[in-house]
Protein chains: 2
Amino acid sequence: MVNNIPVEKAKTSKIHNVDFDNLAFGTTYTDHMLVSDFNDGEWSAPKIIPYQPVTLEPSSKIFHYGQSIFEGLKAYKDEQGSVWLFRPMENFKRLNKSAKRLAIPELPESHFIDGLTALLRLEQDWVPQNPGSSLYVRPFMFASGTGFHASPADKYKFIIALAPSGAYFSGKVKVLIEEKYSRAANGGVGYAKAGGNYAGQFYPTQLAAEKGYQQVIWTDDNNHEFIEEAGAMNVFVRINDTLITAPTNDRILDGITRKSILDIAKDEGIDTEVRKVSVKEVVDAAKNGSLKEMFGAGTAAVVSPIAAFGYKDVDYELPELGDSYASKLKKRITDIQYNRAEDKFGWRYKVV
Amino acid sequence: MVNNIPVEKAKTSKIHNVDFDNLAFGTTYTDHMLVSDFNDGEWSAPKIIPYQPVTLEPSSKIFHYGQSIFEGLKAYKDEQGSVWLFRPMENFKRLNKSAKRLAIPELPESHFIDGLTALLRLEQDWVPQNPGSSLYVRPFMFASGTGFHASPADKYKFIIALAPSGAYFSGKVKVLIEEKYSRAANGGVGYAKAGGNYAGQFYPTQLAAEKGYQQVIWTDDNNHEFIEEAGAMNVFVRINDTLITAPTNDRILDGITRKSILDIAKDEGIDTEVRKVSVKEVVDAAKNGSLKEMFGAGTAAVVSPIAAFGYKDVDYELPELGDSYASKLKKRITDIQYNRAEDKFGWRYKVV
Ligand SMILES: Cc1ncc(COP(=O)(O)O)c(C=O)c1O
Ligand SMILES: Cc1ncc(COP(=O)(O)O)c(C=O)c1O
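What counts and how
- Residues numbered from 1 in each chain as written.
- Chains lettered and ligands numbered in written order.
- Predicted model: local features only at pLDDT ≥ 70, side-chain atom pairs only at ≥ 80, totals over all residues.
- Heavy atoms only, no water.
- Least-squares fit on C-alpha atoms with pLDDT ≥ 70 in both.
- Contact = heavy atoms within 4.5 Å.
- Near = heavy atom within 4 Å.
- Polar contact = N/O pair within 3.5 Å; in protein donor to acceptor, adjacent residues only side chain to side chain.
- Helix = DSSP H or I, 4+ residues; strand = E, 2+ residues; numbered from the N terminus.
- Nonpolar A, V, L, I, M, F, W, Y, C, P; charged D, E, K, R; others polar.
- Buried < 20%, exposed > 50% of the residue type's maximum accessible area, 1.4 Å probe, protein only.
- Buried area = accessible area lost by both parts, 1.4 Å probe.
- Salt bridge = Lys/Arg side-chain N within 4 Å of Asp/Glu carboxyl O.
- Phe/Tyr/Trp six-rings, centres within 6.5 Å; stacked < 30°, edge-to-face > 60°.
- Lys NZ or Arg CZ within 6 Å of the ring centre and 35° of its normal.

(A) Representation of the relation of the copies chain A and chain B in the model. Of the transformation placing chain A onto chain B, the axial shift is 0.0 Å and the rotation is 180°, giving an RMSD of 0.0 Å. The transformation just described matches what one would write down for a two-fold rotation axis. Both copies contact each other with a shared surface, as 100% of the interface residues of chain A are interface residues in chain B too.

The structure is reproduced here in structure tokens:
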């Protein structure tokens, strides 16, 4: 199957213009992309073509009704030059969960897995080997069909694009626990990787940035009482020696890093709890010194330690720990991802 | 200003291919469109060009992060052939309210009002004269800037496209009062005309359609206790002789038809109440016979009478009234829109 995917090769490669030692996140794209079109009730056989612009009618529903979803994963290169993915089937399953909620037709598994494998084999020289770097993989789907009637489109496009990338964040972040704005509704689309979920976060995040916070920690939209997740990360809280994260629900993305971290933590003998975490509990723990760590977990940043959080105009600093859970868990997950350690969970997927 | 907008004329017109007696809603587009690009911190001077496809990088943020908003209004032709808009400044103000919430740069007023006026003058032959028909006007804005980082784009596109259209709905509709899914969060983007708000409604609306309902009536996401609005309409309920609609808030779109209907109803001497309407109140009123009417109100459908609603697996039929508020109010508002009656509120805006 992987070998059956037709390839139209780019005439020239851009790879020699790229400074692999100074990669930003997701701003440089490789020479090729994978495409499939949904038309007349089915997804066309995927093909690989030169990375190129997309041409759409002004009445395409993507411009009007927000029918768009995406995924994000990474390809890692080990010391021997082999290329690996981390739990790609989880991304595939989540893509289709998102598709269903956004009334976008689900994609066949082979379009995703075989298509991505074929694309990565072709682009393997683009997978960086520098520490912390990887090839970010962005599968996405959107409504290309037309019409100003607010109803699902009859045509869609699926694309996988690749971006060699450095680390997402650098350093520790200061976050704001949100008291006014929300990311997702009960019964809404928060659990889907729908484009609209991200656009809605930008303005509150800008307001937080003006006050000196790099990220917002979203809370439930009823009473802003419970901690949910960050912009593109799930959130973990360590109180004394227990690592706690909120259960996923229809407002929270079921992060692959989150569930991997939970498995690794258990394997490390760390006490874990998956339960609602109230803002009050976190503030009280910060006050009485039992709050040891908070960190975000997501594909882009992997594990992102939180240095301080703001709530109701007060900033709470977190302690600097010598051997934090964050650094221990980050090391274990990235060692698996980059094939530097045993993969006892069976998470790695060899591309080439 | 209106005359200063440069026009690149289409080589040929498509107007002779159009059957103006059988227009669907928003599927035929005129020969030209207005465009302006946000670049280097400002919106370029608008220009009119032939209606044509848009070309975008695969990494354009519209495909990934849902930064898109739109407006919807109509141009009406009167018996003398003059063309009118209805309260266009309200659409302009709402566009910028939406822009702000979605972290999209606000548009200068003249780009909208003068741009639209110039475009409509050029396309005036496209405004249909058949009863109930009009030229649907679709201003929209989206992120054209690129990057896989989840942050606002640095480039945007504003377009106004026009679609000669027949009536949106025909006949009375059966609606489902939603008990599980939601349209908007407290502190979210429900009050904005953001693309993502619509995509999120498609799946629940499909589920309702499978049960025989054409529309969903959204309720609050906390307890599904209060009636909010329909897919692209605000909702009015008549109990005995009082006309009631929910107050707008950050979950509900501030509909221009809604507020015009409220003003007209008051002018007609109808008792109006703007207050929360619980589902229980509506069900009880249906049971005891005091529920006389329910209707949706929005630009596309104007006033759309509801024949029946479903709630918790029970259908409630509404009575057929000889002279309903819905028909009286629809007549008054459309008489103003089509310049068939005095415009005591000063709502009409003459284009040509
Ligand atoms: C809203 C949100 N939460 C959490 C995550 C983390 O998910 P994952 O670990 O699968 O990358 C993401 C995606 O990166 C996200 O967009
Ligand atoms: C969600 C929603 N509610 C209500 C309305 C009605 O607003 P207006 O009367 O301004 O068209 C619309 C737009 O048409 C809408 O999209």
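(B) Representation of the site of ligand 1 in the model. Residue and element names in this part refer to chain A. Not every one of the 16 residues close to ligand 1 is listed here, only the nearest: Lys193, Tyr198, Glu229, Thr257 and Thr299. In the environment of ligand 1, an oxygen atom lies 2.8 Å from a nitrogen or oxygen atom belonging to the side chain of Arg94. In this structure, an oxygen atom belonging to ligand 1 sits 2.6 Å away from a side-chain N or O atom of Thr299. Elements with a minimum of two residues in the shell around ligand 1: helix H5 (256-267) and strand S16 (291-298). Looking at side-chain class alone, the shell around ligand 1 contains six nonpolar, six polar and four charged residues.

(C) Structural view of unusual backbone geometry. The backbone phi angle of Asp313(A) is positive, close to 65°, even though this residue is not glycine. The topology assignment puts Asp313(A) in the loop between strand S17 (302-311) and strand S18 (314-317). Assessed through its relative accessible area of 78%, Asp313(A) is described here as exposed. Even without a glycine there, the phi angle at Asn339(B) is positive, about 55°. Note on placement: Asn339(B) falls in the loop between helix H7 (325-337) and strand S19 (348-350).

(D) Molecular detail of the interface of chain A and chain B. Listed as interface residues are 59 residues of chain A and, on the opposing side, 59 residues of chain B. Taken over both partners, the interface formed by chain A and chain B buries close to 5,100 Å², and the fraction arising from carbon and sulfur atoms is 63%. Ranking the residues of chain A by area buried against chain B places Phe63(A), Phe148(A) and Phe202(A) at the top, with a combined share of 15%. At the junction of chain A and chain B, the tally comes to zero salt bridges. For the interface between chain A and chain B, the tally reads 23 residue pairs in polar contact (both at pLDDT 80 or more).

(E) Representation of the packing of aromatic side chains within the structure. Throughout the structure, instances matching the rule amount to 46 aromatic pairs over all chains. Look at Phe202(A) and Tyr65(B): their rings are 6.4 Å apart centre to centre, the planes differ by 70°, and that puts the pair in the edge-to-face class. With Phe202(A) in helix H4 (residues 195-210) and Tyr65(B) in helix H1 (residues 62-65), the pair connects residues from two separate chains. Each member of the pair, Phe202(A) as well as Tyr65(B), carries the same accessibility label: buried. Ring pairing ties together the aromatic residues Phe38(A), Trp43(A), Phe92(A), Phe112(A), Tyr156(A) and Phe158(A), which thus form one cluster. In this structure, Lys174(B) packs its charged tip against the face of Tyr213(B), placed 5.0 Å from the ring centre. The ring of Phe226(B) is capped by Lys276(B), whose NZ or CZ atom sits 4.3 Å from the centre of that ring.

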